[in-house]
Each structure stands twice: as C-alpha cells, then as structure tokens.
Amino acid sequence: MSKDKLSISEIIDMMIKKGNTGKREAEEFIKNLLATIEEALLSGENVKVKGFGTFKSQWNEARRSVDVNTGNDIIIPGFYRVVFQPDSDLREVINEPFAHLQTILLADDSVVSDEKNNVPDILSPAKDMDQSNEKADAGLSFFSAQAAEIKDILLDINALNKKSKNNTIVQEDEPIEIAENNNDNITHRLNTENQHNVGDTNNDSIIDPDDSITYLDDEEDNVDSTNQIITPITDQSQEFDIVRDVSLLYYEQDTSENKETGSVADEAHAIQPVINEEEEKISSIEDEDLSLVISKEQAEETSDEKEVVTMLSTDNDEAEAMNTDEATMSPETPEEPLFEPVHVTAIENNLNKEQTTDELKSVKIEDENDDKKEKKSKVPLFLLALSLLVASGVTAYFLTPYLNQIRKEKKNQKRLEYIADSLSTAKKVQQILDSISNLNTINTDTLPAADTTVVLDTLPSSLSEVKPTKPSTVQREEPQKNNASAEDIYSKPRKYTETLAVERMVAGSQLTKFARRYYGHSYFWVYIYEANKSKIKNPNNVPTGIEIKIPKLDSRLVDANSQESLNYALKLQSKYLK
Amino acid sequence: MNNKELLTSIAAKMNISKERANELMTNFLDCCVSSLKEDNSIGFQSFGAFEVVKREERISVHPQTKERSLVPPKLVLSFKQSTILKEKINAKF
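Model, not experiment: these values are computed from the prediction.

Calculation criteria
- Residues numbered from 1 in each chain as written.
- Chains lettered and ligands numbered in written order.
- Predicted model: local features only at pLDDT ≥ 70, side-chain atom pairs only at ≥ 80, totals over all residues.
- Heavy atoms only, no water.
- Helix = DSSP H or I, 4+ residues; strand = E, 2+ residues; numbered from the N terminus.
- Buried < 20%, exposed > 50% of the residue type's maximum accessible area, 1.4 Å probe, protein only.
- Contact = heavy atoms within 4.5 Å.
- Buried area = accessible area lost by both parts, 1.4 Å probe.
- Salt bridge = Lys/Arg side-chain N within 4 Å of Asp/Glu carboxyl O.
- Polar contact = N/O pair within 3.5 Å; in protein donor to acceptor, adjacent residues only side chain to side chain.
- Nonpolar A, V, L, I, M, F, W, Y, C, P; charged D, E, K, R; others polar.
- Pairing = 2+ DSSP bridges.
- Axes fitted to C-alpha atoms, helices over the stretch in contact; angles between N-to-C directions.
- Phe/Tyr/Trp six-rings, centres within 6.5 Å; stacked < 30°, edge-to-face > 60°.
- Lys NZ or Arg CZ within 6 Å of the ring centre and 35° of its normal.
- Arc of directions from axis to C-beta.

Residue and element names in this part refer to chain B. Positive phi outside glycine occurs at Asp39, with the angle close to 70 degrees. Structurally, Asp39 is set in the loop between helix 2 (18-37) and strand 1 (41-44). Among the residues examined, Asp39 registers a relative accessible area of 26% and is labelled partly exposed. In this model, Lys66 sits at a positive phi of 60 degrees, which is unusual for a non-glycine residue. The residue Lys66 is located in the loop between strand 3 (58-61) and strand 4 (68-71) in this model.

Facing the 71 residues of chain A at the interface are 61 residues of chain B. Each partner contributes to the roughly 6100 Å² buried at the junction of chain A and chain B, and carbon and sulfur atoms together form 67% of this total. Together, Phe29, Leu42 and Ile94 of chain A form the three largest contributors to the area buried by chain A at its contact with chain B, with a combined 11%. On inspection of chain A and its partner chain B, the count reaches five salt bridges. With a shortest N-O distance of 3.1 Å, Asp30 of chain B and Lys18 of chain A are connected by a salt bridge. Counting the contacts that link chain A with chain B gives 22 residue pairs in polar contact (both at pLDDT 80 or more). In terms of residue count, helix 2 (residues 23-42) of chain A provides more of the side of chain A that touches chain B than any other element does, 15 residues in total. Partitioned by chemical class, the residues of the side of chain A that touches chain B number 37 nonpolar, 17 polar and 17 charged. Across two bridges, strand 1 (residues 5-6) of chain A lies against strand 1 of chain B in parallel orientation. Looking across to strand 1 of chain B, one finds that Lys5 of chain A is bridged to Ser41 of chain B.

The strand order across the open sheet built from four strands is 1(A)-1(B)-2(B)-5(B), with neighbouring strands paired in mixed fashion. Strands at the two margins of the open sheet, each flanked by one partner only, are strand 1 of chain A together with strand 5 (74-81) of chain B. Of the pairings in the sheet, the one linking strand 2 (residues 48-55) of chain B to strand 5 of chain B comprises eight bridges and is antiparallel in character. Looking across to strand 5 of chain B, one finds that Gly48 of chain B is bridged to Gln81 of chain B. Together, strand 1 of chain A together with strand 1, strand 2 and strand 5 of chain B form the strand contacts of helix 2 of chain B, whose direction differs from that of strand 1 of chain B by roughly 135 degrees.

Tallying each qualifying case throughout the model produces 18 aromatic pairs over all chains. Ring geometry for Phe47 of chain B and Phe79 of chain B: centres 5.6 Å apart, planes at 50 degrees, overall tilted. Note that Phe47 of chain B is positioned in the loop between strand 1 and strand 2 and Phe79 of chain B in strand 5, a separation of 32 residues in sequence. Accessibility assignment for this pair places Phe47 of chain B and Phe79 of chain B in one class, buried. One aromatic cluster in this structure is built from Phe29, Phe52, Phe55 and Phe84 of chain A together with Phe28, Phe44, Phe47, Phe50 and Phe79 of chain B. Residue placement shows Lys414 of chain A over the ring face of Tyr518 of chain A; its charged tip is 5.6 Å from the ring centre. Across the ring face of Phe79 of chain A, the terminal group of Lys86 of chain B is positioned such that the distance to the ring centre comes to 5.5 Å.

What follows covers helix 17 (residues 511-519) of chain A. Residue and element names in this part refer to chain A. Taken together, the buried positions of helix 17 are occupied by Leu511, Phe514, Ala515, Tyr518 and Tyr519. Buried positions in helix 17, seen along its axis, are confined to an arc of 100 degrees and lie on one side of it. Of the residues one or two after helix 17, Gly520 is the one with positive phi, at around 95 degrees.

Attention now moves to the side chain of Thr36 of chain A. For Thr36 of chain A, the location among the structural elements is in helix 2. At a separation of 3.4 Å, a polar atom in the side chain of Thr36 of chain A contacts the side chain of Lys13 of chain B. Those residues in contact with Thr36 of chain A that sit more than four places away from it in its chain are Met1, Leu6, Ser9, Ile10 and Lys13 of chain B.

For sheets, the rule is that strands pair by backbone hydrogen bonds, running either parallel or antiparallel. Residue and element names in this part refer to chain A. In spatial order, the strands read 2-3-6; together these three strands make up an open sheet with antiparallel pairing. Two strands close off the open sheet at either side, each with one partner strand: strand 2 (47-49) and strand 6 (79-86). When the angles between neighbouring strand axes are averaged without regard to direction, this sheet yields 25 degrees. Where strand 3 (residues 53-60) lies against strand 6, eight bridges are found, and the strand directions are antiparallel. If you follow Gly53 over to strand 6, its bridge partner there is Pro86.

Structure representation (structure tokens):
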C-alpha cells in the first residue's frame, strides 16, 4: 500500500509485464491517447473512455476574490478546466475497502463524533445516556457517602449484637465474624452492660431462645455477607435504662411528627410502624429504577428514616444489604417481647439517620435562606437605585434656576467690565478734550459728555498716540459727531482698532458664539467678521486654527436690547451671507 | 467523442488496427487501475495526474424532507490537470 507517484514509463513497464506489447508500442499508444484526448478537449468535446471515465472541459465563471498579496479586491476571470469523472465500475473498484459501508438515517437530536472510523457508529443514544448518568452519579455520590456512614454505624451495632450474643448463647459453634468496635459511645456502653449482666436470668426470658436459634440459622446463610446482620441484643435492665436515656436524647432532637411525651414504650410503638414502613419502602424501591426523584418525594414525608432509607437504596448494593438487615429484623418487630432490642437498634438507626437528615435539612434551610437572601437583596437594591434617580432628578430640577442665574450673572459681569473699561477710557478722553477745549475756543458743550464712545472708534489704543493727533482729528470730526445719531453709527464705516480679546478658532467654534459671549447677541458676529475680513474669506466656513480679534465696538452698535441695532446687524448678515 | 471514435483515431495515428488499439487500451487501463487500487497515484506529463483520495464521513441533510443521514467515508479517484494543459485550453478563448 505504498503511495508512489507513477510515471508513464512505469506504466509502460507494467504494460510490458502484462504481455503482448513492446516498449515502443506502449509508449506510442499512451502518447497518442493523451494527444487525442487533448485535441478533443480543446475543441470543447467530452471524451468518454470505456471502463475508465469521461474527460470534460468545464467552464468556471468569473468570481470576486481578494488578491493574496495586497489584500485588494480582485476579480478572478472565467476559465476552462479539464475535469475527469470516473465510471461507476471504476468507482466501485477503487472504493473496495469501504464498500461495505452504508449511509444511515440519523435521529433528530443526534450528534456525531468526528472520529474517523471506517464503520459508522450509531452514537446518539449513548451520548445522551452518558449525560444523564453523569447527573445521576453526582447525586448518588452525595447519598452514597452518607450511606457509607450509616453502614459503618450499622456494622458497629452488629458487632455489639454479636458480642452480646457470644456471651449469652452457648450453643453456637459457627464462627461469626465480629465487626471491629468503633468509638461509638452507646455501643460501648451497651457492651459493658452486657458483660455485667450475663448471669441475669430474668432478662433472658425476654428473648425467646427459639427465636434466637432460628436467627442463627439465618445467620449461617449470611455469614459471607459479613457484618450486615443486626442481631438481637440480650436485654438487661440497665441496658434498658440506657435505651431510655438514648431515646430521650432522640426526642430532644426529634422534629418529626412522631413526637410523643412519656414512656419509652410509646416511642417504641411509634417507631415500629415506621420501621415496618421502611421495609416496605426498601422492597419496593429495590425493584424500581432508583433516582433522586424518589428521595425527594419522600423528603416531603415527615419520617426521617424514610429519607435515609431511600438514600441508601439508591445504591443497589446497599439496598440488598439493607434488605437482609430488615428481613432479619422483620421476624422480631411484630413480636412484643423483642421490641426492646429492636428499639435500641432502631434508635441507633434513628440517631444516625437523624444526623444525616439534620445535615440535609440544614442544607435545605441554607438553600432557602440563600434564595430568600437573594430575593431580599435584590429588592432593596432596586429600591435604592430608584430612590437615587428620583433624588438626582429633584435636585436637578431645583438647581437649574440657580444655575441659570449664575450664568447670567457671569455674563452681566463681563459686560459690566467691558463697559467700565470703556467708561474709564472715555473719561480719560474727556479729560483730554477738556484740556484741548481750554486751549482752543471750541465749544465743549457741543461735545456730548457721556457719548465719548463715538470718539473711541477713531482713537488708537494707547493714549500717548492720542495727544498729538487729537486736535486736528477732533476738530474735524467733532461737528460731525455733534449730530451723531443712531443713524450715523450705522452709516459710518467702522474701523476696528481696539480689540477686546483675541480668540483662536478651533473645531466647533463659531463667530456667533463669540458674538454672544462678548456682545450679548449672536447677530453681532458680523462685526467680528468685519474686523477679521482679511483672515475670514467666507463667513460660513471659518478656517480653524486662525486667530481672530474680537473688536471693541460702540455699545449702541452691539446693543442686544435695541431692536435697531439688531436689525442693522441682520442687514449686514444678509449682505455677507449671500 | 466516445470510445469508438477515440480508438479509431488512435489506430489511425499509430497505423494499427482497431482491435489492436482496443487491446492496448484494455492493457493500459488494467495497469492504471491496479496501480490506483494499490494507493498509488499516476502522473502523465503535460496532461495531468490521477490520485485516490479519501472522503471523510459527513452528515448530509435532505433539503426537502430535512432528514439527516450519515454518509460513510469512501475512496474516490480524482484528476488534477497539468498547468500546461490548463494554459492550452484557456489560450484558445
């Protein structure tokens, strides 16, 4: 099974070996064959070779693709390709190794593995099973651990029983394996009690010797299943007391409905029917397919023993063992005289089962608490969040007027500053003018005292420059300005010499914004534009990064409250935005 | 071009009889198939190469009935044209 690549010459050799042809002929044949096929294909014809297959020339449409080197989109042009389709006979011959395989219909949920097997597997049911088994195993492991505990305790009881048996019953010769004693206090105490009371005949009568013998017989059979038999304990009076103590202990812990005050006998009666029920449960459970569901159903019932028993019974082996236990117990339970030994063992069971069920219960309670806590924790969180939102909304609502006020105040401050500045300069100018008027005989009355802003337009920024040029310019311009009216302000061409500030245009800055900030109304951007005409070619599209000067303007010009000034500004706006 | 035509043209070129051409053909094909069965590939210079390829098993869905079926793996014969042949056939159009 070598994967060699054969060439024409090798085929020729093979042909020669087959016989009947020489090298030259074979070579010629093959070459001619290929040439003929090529010719036919080039002319667009299909070539059918019998027993082999057909050669076709197939057209592939142009398609979009990506250039591998550059990553650009590229169109791969259409092309012809030589294609070979083998004959059915040839296909079968080649597929011989896999010829036995068939296609199979799959079920809807199935998932097929990627394993490369020659034989197709029917995998789906197995996979589902595994998943469910895993879950069951998880649950079972929990209970099997507890079952192991209980098992140990039962063994101890058995050991105890056997020991006591050894003491009292003489007849037995069969070797009985005695379970190793554990640290359980009760069994230990019972053991010691047994030793003390060997000779007490009074209590021996309680145990029917016949029963014990039959029990032995049972035990013979079950010797191999070691330590799984609960033997009756020979009852002694002191033992009885201990039993009572134990039972009282049990009562304190007991939360089931089996609570009864008073004598041990009452308790025993209560326990017996429970035990009977246990046995029934076990026998029924053994037959069923065991699952956690059963244990859950029985958890709702009040008796603790039932829970534990079902837990035990989930493990099949355990169930069998328990069955033997209960079976051996069964002859005793209905009989009154033997109620005490059963009682003890039952209590033993109860105690230990109690512990486990307590654990279970505690776990359950914890779960509930967790759920409650989760629920509880969710609700207050939600309420907190809501209240926070509401509080923030309310504060925002109340604060907005204050915020607006603050903003306005800031605006006003700025304006006041500006006005103050202008006034101060105006005052200075006024002083100069006064001085000049003193020199000259010009009426200073005609000069509007307050209206020095008119002069400001022509004033250079520094006062030093003012003085020498002042007389002439003032003389000439004053008469004009004497009659300065609102109209003049608007008609006179504006010269921007003084600047309030210099602003740099950044992305998102607008002339209107500056106007609003400095003059109080966005319409007055036109003046800013005029001041920076050299830099701003198109008022709609101001280039970013340039510095523009915010000019100082006649307050009448940029009076946001004056309708006239606004209208004038609007006029300019329309003029510039054509 | 069917088988007959092919053989006749070869016979004409080689100056041999059709039967002889047929014999040679069967000889040739038997050799090819047997070598392919042994998992070898055959390469014809300036023409192309024949190769046996394994196709893995896959799930196929029937478009109408939506039935899913598992198609088993198989071996197929594939042909790969030579670049010279490719150029020849595309040079024409």
